[in-house]
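Remarks on the overall topology
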Amino acid sequence: MSNHVKITYCTQCRWLLRSAWMGQELLTTFESELDELSLCPGTGGIFEVVANGQLIWSRKEQGRFPEITELKQLVRDVIAPERSLGHADRKQH
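Below: a short report on this structure. Note that the structure is predicted; figures quoted are calculated from it, not measured.

Quick look at the overall build of the protein chain now. Counting its secondary structure elements, the protein chain contains three helices and four strands. Shown N-terminal to C-terminal, the secondary structure of the protein chain runs as helices and strands in the order β-α-β-β-β-α-α. The globule rule puts the C-alpha radius of gyration for 93 residues at 12 Å, and the 13 Å found for the protein chain is close to it. Taking the principal axes of the C-alpha coordinates as reference, the protein chain spans close to 35 × 30 × 20 Å. Expressed as a percentage of its 93 residues, the buried residues of the protein chain come to 40%. Taking the intrachain contacts of the protein chain between residues at least 6 apart in sequence as the baseline, contacts between residues at least 24 apart amount to 63%.

Now the structure itself:
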């Protein structure tokens, strides 16, 4: 099974750089687990992250952008649940 992450961002809000940075962080952290990462332009204030077809972050639902460590944990939980993220891995209670 191939692992893929899709980040859909709002072009009207100029969120390309934020999305590209988050994508870069994910590609660096999961270089051996991720097979594909795509940045998809959208409109209307969208910022969504989908891992293997599962929506793991929606700015509309959460009311904010994810912290990068939070996003890495969410991606890890879908694509490599057995993997430790070291210092960035805080168990959420």
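Moving on, there is more to tell.
With twelve residues, helix 3 (residues 68–79) should cover 16 Å at 1.5 Å per step; its first-to-last C-alpha distance of 16 Å lies within 8% of that length. For helix 3, the complete set of buried residues consists of Ile68, Glu70, Leu71, Lys72, Gln73, Val75, Arg76 and Ile79. Against the buried residues of helix 3 lie strand 1 (4–10), helix 1 (16–29), strand 3 (47–51) and strand 4 (54–58).

Attention shifts here to the pairing of strand 4. Here four bridges tie strand 3 to strand 4, and the two strands are oriented antiparallel to one another. Paired with Ala51 across the strands is Gln54, a residue of strand 4.

Tracing the backbone through its elements, the reader meets Arg14 in the loop between strand 1 and helix 1. Look at Arg14 and you get exposed, because its relative accessible area is 73%. Sequence-wise, Arg14 and Gly53 are 39 residues apart; in three dimensions their C-alpha atoms are separated by 25 Å.

Right, let's talk about the packing of helix 1 against helix 3 for a bit. Between helix 1 and helix 3, whose axes approach to 11 Å, the crossing angle comes to 50°. Relative to helix 3, the element helix 1 is oriented oblique. Our pair here, helix 1 against helix 3, has a crossing hand that is right-handed. Side by side, helix 1 and helix 3 meet where Trp21, Met22, Glu25, Leu26 and Thr29 of the first sit next to Ile68, Leu71, Lys72 and Val75 of the second. Grouping the constituent residues of the contact of helix 1 with helix 3 by class yields six nonpolar, one polar and two charged.

Calculation criteria
- Residues numbered from 1 in each chain as written.
- Predicted model: local features only at pLDDT ≥ 70, side-chain atom pairs only at ≥ 80, totals over all residues.
- Heavy atoms only, no water.
- Helix = DSSP H or I, 4+ residues; strand = E, 2+ residues; numbered from the N terminus.
- Rg over C-alpha atoms; globule rule 2.2 N^0.38 Å.
- Buried < 20%, exposed > 50% of the residue type's maximum accessible area, 1.4 Å probe, protein only.
- Contact = heavy atoms within 4.5 Å.
- Expected span 1.5 Å × (residues − 1).
- Pairing = 2+ DSSP bridges.
- Axes fitted to C-alpha atoms, helices over the stretch in contact; angles between N-to-C directions.
- Parallel < 35°, antiparallel > 145°, perpendicular 65-115°, else oblique.
- Left-handed = near helix turned anticlockwise from the far one by under 90°.
- Nonpolar A, V, L, I, M, F, W, Y, C, P; charged D, E, K, R; others polar.

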